[in-house]
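Each chain, written out:
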Amino acid sequence: MVEWTEQERSIITGIFANLSYEEIGPKALVRCLIVYPWTQRYFSSFGNLYNAEAIRGNPNVAAHGIKVLHGLDRAVKNMDNIKATYAELSVLHSEKLHVDPDNFRVSSAGLQQMHSAHLKADRLVSRRLTFPLFLHQLLADCLTIEIAAKLGTAFTADTQAAFQKFLAVVVSALGRQYH
Amino acid sequence: MSLTAEDKAIVKAFWAKASGRAEEVGSEALSRMLAVYPQTKTYFSHWKDLSPKSAQVKKHGKTIMAGVGEGVAKIDNLNAGLLKLSELHAFTLRVDPANFKILSLNILVVFAVLLPAEFTPEVHVALDKFLAALSRALSERYR
């Protein structure tokens, strides 16, 4: 059971309340695809990711980045029950998508909606997406950096600690159902 | 993932902008590491004060960034250039090399905090590679 102090709760809810998902989501994903180019492997259906300019201009990347933050939003609203919140999605990911839990520092609700729509087509189920180890650790780090750049010195050491703890809990919860 | 000529140019250009604030970067990165990864405090159990404003944290932040600066200067041959520092870490300090990644991440976070406009993804990737190469050089003499 994860314990949150009042300060941690206030920090996490504060960050998300003041965040522009449309601005930061795309930036975090763009940064991840540029800084860790091997992550592009998992977005081959997104179109042109050939260079930094293409990645920045790619509307699929931007849309996905926004979805990632909306997915994290679910955990922010259920901080005392993140495990259960992501349980359904975790099962979905382990059984249908074969996503490596060590990668997962990302989304829930938005992802579930998107994937349940796609699951009606065979291609996603049979395609067996397997994310490499640490992919979502990399995305989490990029999100931390974008928030740091946005908030500047307001992103104090304590703020950073709370935020990274939050992301770590989300990843752990998503990994729960794997076996 | 060796450093290309372009990577080295980017690192040097960024360092020219950041080195003036080296002490600030170093002490901030160190403070964040201690706060976010409390297991790293074990290496500083002999310090009285681990708070960000403490004289020891500031001084050590400066020391760390001097090492980074030395890396920038010797960027064409880090393993040979940082042999002495590697021996210090391997035989005297005996810092687990896994911690180099942690400190590197915190240095990058501080670059983002203090120099957001300059710390673009393109600069980020070059610096990430550089810090990884620096970490490898520091690990050289461990075993």
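Residues numbered from 1 in each chain as written. Chains lettered and ligands numbered in written order. Predicted model: local features only at pLDDT ≥ 70, side-chain atom pairs only at ≥ 80, totals over all residues. Heavy atoms only, no water.

Q: I tried to follow unusual backbone geometry on my own but got confused; where do I start?
A: If a residue is not glycine, its phi is most likely negative; likewise, a peptide bond is most likely trans. For R94 of chain B, which is not glycine, the phi dihedral falls at a positive 50°. Within the fold, R94 of chain B resides in the loop between α5 (83-93) and α6 (98-114). (Helix = DSSP H or I, 4+ residues; strand = E, 2+ residues; numbered from the N terminus.)

Q: Could you clarify how one ought to interpret the nonpolar core in this entry?
A: Inside soluble globular proteins, nonpolar side chains tend to come together where they are buried. Membership of the largest hydrophobic core comes to 75 residues, with the highest contact counts inside it found for F16 and F166 of chain A together with F111 and F130 of chain B. The element that contributes the greatest number of residues to this core is α6 of chain B, accounting for 11 residues. Sequence-distant contacts of F130 of chain B, that is, excluding residues within four places in its chain, are made with L3, V11, V68, G71, V72, I75 and L78 of chain B. Counting residues in hydrophobic clusters, the runner-up holds 19 residues, among them C32, I34, F43 and C142 of chain A. (Core = buried A, V, L, I, M, F, W, Y, C linked by side-chain atoms within 4.5 Å. Buried < 20%, exposed > 50% of the residue type's maximum accessible area, 1.4 Å probe, protein only. Contact = heavy atoms within 4.5 Å.)

Q: Would you take a moment to explain the confidence of the model for chain B for this structure?
A: The predicted coordinates should not be examined in detail at positions where pLDDT is low. Averaged over all residues, the pLDDT of chain B is 95; the fraction at 70 or higher stands at 100%. In the model output, the complex is listed with pTM 0.84 alongside ipTM 0.88. (pLDDT = per-residue confidence, 0-100.)

Q: Mind showing me how you'd approach the interface of chain B and chain A here?
A: The parts lose accessible area when they come together, and the size of an interface is often stated as this lost area. Counting from both sides, the interface comprises 21 residues of chain B and, opposite them, 20 residues of chain A. When chain B packs against chain A, close to 1700 Å² is buried across both sides, 65% of that on carbon and sulfur atoms. On the chain B side of the contact with chain A, R32, P121 and H124 of chain B bury the most area, a combined 27% of that side's loss. If you look at where chain B meets chain A, you find 1 salt bridge. E122 of chain B is the partner of R56 of chain A in a salt bridge, and the nearest nitrogen-oxygen pair spans 2.8 Å. Taken together, chain B and chain A are joined by 8 residue pairs in polar contact (both at pLDDT 80 or more). (Buried area = accessible area lost by both parts, 1.4 Å probe. Salt bridge = Lys/Arg side-chain N within 4 Å of Asp/Glu carboxyl O. Polar contact = N/O pair within 3.5 Å; in protein donor to acceptor, adjacent residues only side chain to side chain.)

Q: Explanation requested: the environment of E146 of chain A in the structure shown.
A: All names here are of chain A. Here E146 shows up in helix α8 (residues 135-151). For E146 and T5, which are 141 residues apart along the polypeptide, the C-alpha to C-alpha distance reads 24 Å. Residue contacts for E146: discarding those within four places in its chain leaves I24, K27, A28 and R31.

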